Amino acid sequence: MSFNIRDYMHEDSAGQPKFDFKSSSFCPAFWMALYYKGNNQGLKPCCSIDGYATRTDQDNPIEPTVENYNRTEYVQSLKQTFLNNKFHKNCHTCVRDERHGQQSDRMAMFEWIKTWDDVDRLQNLIDNDKLELWHLDYRPSNLCNLKCRMCDPVNSSLIVKENMQNDLKLDMIMGDNMYNDAQPNDWDYVKDFESIKNLKSVKVLGGEPTVEKKVFAMLDLIQEKDLAKNINLQYTTNATNLNKKFYERLIGYNHVNTTFSLDGTGRTYEYIRTPAKWNNVHQNLMGYIDFRKEHDKTTRQYGCSINCVISVYNMFTLDEWYEELNEILFSLGGRRITMIYCTNEWQALDILPKFALHKMKDNFNKLSESVKQYDHTKVLESYINRAIKEDYNLDKQRLLSTFFWHNDKLDAVRKTKLVDIAPVFHEIKDYADNNLLQEDLQLLTSITEGNKNRKWKNWKKFLQNERVFEYE
Ligand code: SF4
């Protein structure tokens, strides 16, 4: 029995089809979307799902064409789960987001199904087991001009380079990709016009898209084939390299959304996002305003937002940068800062002892009442409150030790000092010293010298306060 998507759709007051997410777990991604990550990763339907259908670093990798991708066991078995109206276990991120009342990637996919004709086209693809690309998430490499403290080797070539050149052995916490200095794969999906002619949406991330020539090539192909007018383009940039050559390639789209990655301003920004210079970034942001004035006659064609990673690095100086960042957001014509709770567990707010979190809250309280009213500020406050509320336990002390182990290495190589950003780190280090920091640093060093393939596993044991390690 085939899956009938119309069974789960109704018409809204504007006559548009709406999917009932509560009554069905179906996700259309396998029939209309593709995520591509170069530098030895592969193809999958979206960024949230676990695993890749094709990994280009396998001993005998299959050529990552759409047809081959569609035939893989991964794609066929996951599709079947959705056709049986069930979530697959690899989709737990979407399940979690929807459970928390947030927009999941699955929900975002339905934004490209705008008319009843689109519904019928999708049904046709389902019935014929075909993939027609409506949305492409394109990340051709990890090439980046920055090595931000909370970033990782899959997204920054400079992090890989720094690790290898200085023998930092950071693979213990960041995985084997710390030694993956692969070039972008010599496979370029977008050279194939047939595959991209139905695109409605393109998302570009890096690395840093403005320094990757494959991104330029893709944007050029879209212009050359006169496809831009059908496409909503989204890209995320660190704003260090916005220039005329890049801007020229943003013209003619149905809509362009720029997301700027900014986790502070001034010295906080520079400490986190090595080797960026805030003044240059600020100048580039002002350049974006000029670009918009020149090309956005309707004031609706270009939108922007800011992504801000909330971590132990930027929250003690909130009173220095937060209001400025909000002013910048509004002058850019944006309305929202997306507050991203740091996913590196050793840099997240909850590794801090209570006295430090209370200092952080004092800092937050110094913000003006007007800025505290914004929805994104409320999200920020909820992150601090949540960390304060949580129990502080031994696991968190071990994460704090890991934070110092990692950050001291970066400070030594980059000739920076954490306490210059926030003197409270003197007291936090004293606290850690009284809670086995020196012993922990020795243990972490001995783990990094242990059996290569077991480092990560042993770090996990360390986090559970294991003190003795035997390496095979
Ligand atoms: S349910 Fe979510 S994670 Fe799974 S394929 Fe769809 S968008 Fe991706």
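First, a word on what this report is: a plain description of the structure on this page. (Residues numbered from 1 in each chain as written. Predicted model: local features only at pLDDT ≥ 70, side-chain atom pairs only at ≥ 80, totals over all residues.)

**Some details on the overall build of the chain**
Then comes step 1: Tallying secondary structure elements over the chain gives 22 helices and eleven strands in all.
Then comes step 2: Its C-alpha atoms give the chain a radius of gyration of 23 Å, within 12% of the compact-globule value 23 Å for 472 residues.
Then comes step 3: Here the chain, with 472 residues, has 40% of them falling under the buried criterion.
Then comes step 4: A sequence separation of at least 24 residues applies to 68% of the contacts in the chain between residues at least 6 apart. (Helix = DSSP H or I, 4+ residues; strand = E, 2+ residues; numbered from the N terminus. Rg over C-alpha atoms; globule rule 2.2 N^0.38 Å. Buried ≥ 20, exposed ≤ 12 C-beta atoms within 10 Å, placed from the backbone. Contact = placed C-beta atoms within 7 Å.)

**What about the environment of Asp-290?**
Then comes step 1: Along the polypeptide, Asp-290 turns up in helix α13 (residues 278–295).
Then comes step 2: Once the C-alpha coordinates of Asp-290 and Glu-327 are considered, the two residues, 37 residues apart in sequence, prove to be 16 Å apart.

**Observations concerning the pairing of strand β6 (residues 135–139)**
Then comes step 1: Counted residue by residue, β6 has five buried out of five residues, so it is predominantly covered.
Then comes step 2: In β6, alternate side chains face the same way, and those of His-135, Asp-137 and Arg-139 on one face and Leu-136 and Tyr-138 on the other are all buried.
Then comes step 3: Note that strand β3 (residues 33–37) and β6 share five bridges and pair parallel. If you follow Tyr-36 over to β6, its bridge partner there is Tyr-138.
Then comes step 4: In this sheet, strand β7 (residues 201–204) lies alongside β6 in parallel orientation, the contact comprising four bridges. Within β7, the residue paired with Tyr-138 across the bridge is Val-204. (Pairing = 2+ DSSP bridges.)

**A short note on unusual backbone geometry**
Then comes step 1: At the junction of Thr-274 and Pro-275, the peptide bond is cis and its omega measures out at -5° in the coordinates.
Then comes step 2: Tracing the backbone shows Pro-275 in the loop between α12 (266–272) and α13.
Then comes step 3: Phi angles above zero are rare outside glycine, and Asn-465 is one such case at about 75°.
Then comes step 4: Positionally, Asn-465 belongs in the segment after α22 (455–463).

**Some details on the site of the ligand**
Then comes step 1: Close to the ligand lie 13 residues; Cys-27, Cys-46, Cys-91, Cys-94 and Asp-105 are nearest.
Then comes step 2: At the level of secondary structure, the elements contributing two or more residues to the shell around the ligand comprise α4 (92–99) and α5 (105–109).
Then comes step 3: The greatest single-element share of the shell around the ligand, amounting to three residues, is contributed by α5.
Then comes step 4: Counted by class, the shell around the ligand contains eight nonpolar, three polar and two charged residues. (Near = placed C-beta within 6 Å. Nonpolar A, V, L, I, M, F, W, Y, C, P; charged D, E, K, R; others polar.)

**Looking at the environment of Ile-306**
Then comes step 1: Among the secondary structure elements, Ile-306 is positioned in strand β10 (residues 302–310).
Then comes step 2: On the basis of neighbour count, Ile-306 is assigned to the buried category, with 23 C-beta atoms found within 10 Å.
Then comes step 3: Taking C-alpha positions, Ile-306 is 8.4 Å from Thr-258, a pair spaced 48 residues apart along the chain.
Then comes step 4: Residues within four places of Ile-306 in sequence aside, it is in contact with Phe-260, Leu-262, Leu-325, Leu-329, Gly-334 and Ile-337.

**A closer look at the packing of helix α21 (residues 437–449) against α22**
Relative orientation and spacing of two packed helices are given, respectively, by the angle between their axes and the distance between those axes.
Then comes step 1: Relative orientation of the contacting elements α21 and α22 amounts to 160°, with a least axis distance of 9 Å. The angle between α21 and α22 places the two elements in the roughly antiparallel class. Like other packed secondary-structure pairs, α21 and α22 cross with a definite hand, here right-handed. The segment α21 lies against α22, with Leu-443, Leu-444, Ile-447 and Thr-448 engaging Lys-455, Asn-458, Trp-459 and Phe-462.
Then comes step 2: Taken together, the residues that form the contact of α21 with α22 break down as five nonpolar, two polar and one charged. (Axes fitted to C-alpha atoms, helices over the stretch in contact; angles between N-to-C directions. Parallel < 35°, antiparallel > 145°, perpendicular 65-115°, else oblique. Left-handed = near helix turned anticlockwise from the far one by under 90°.)

**Considerations on the packing of helix α15 (residues 354–365) against helix α17 (residues 375–389)**
Then comes step 1: At a minimum axis distance of 10 Å, the contact between α15 and α17 shows a crossing angle of 155°. As summarised for this structure, α15 and α17 are arranged roughly antiparallel, according to the angle between their axes. In this structure, α15 meets α17 at a crossing whose hand is left-handed. Seen from α15, the contacting residues are Lys-354, Leu-357, Met-360, Lys-361 and Phe-364; seen from α17, they are Glu-381, Ile-384, Ala-387 and Ile-388.
Then comes step 2: Tallied by class, residues from the contact of α15 with α17 come to six nonpolar, no polar and three charged.

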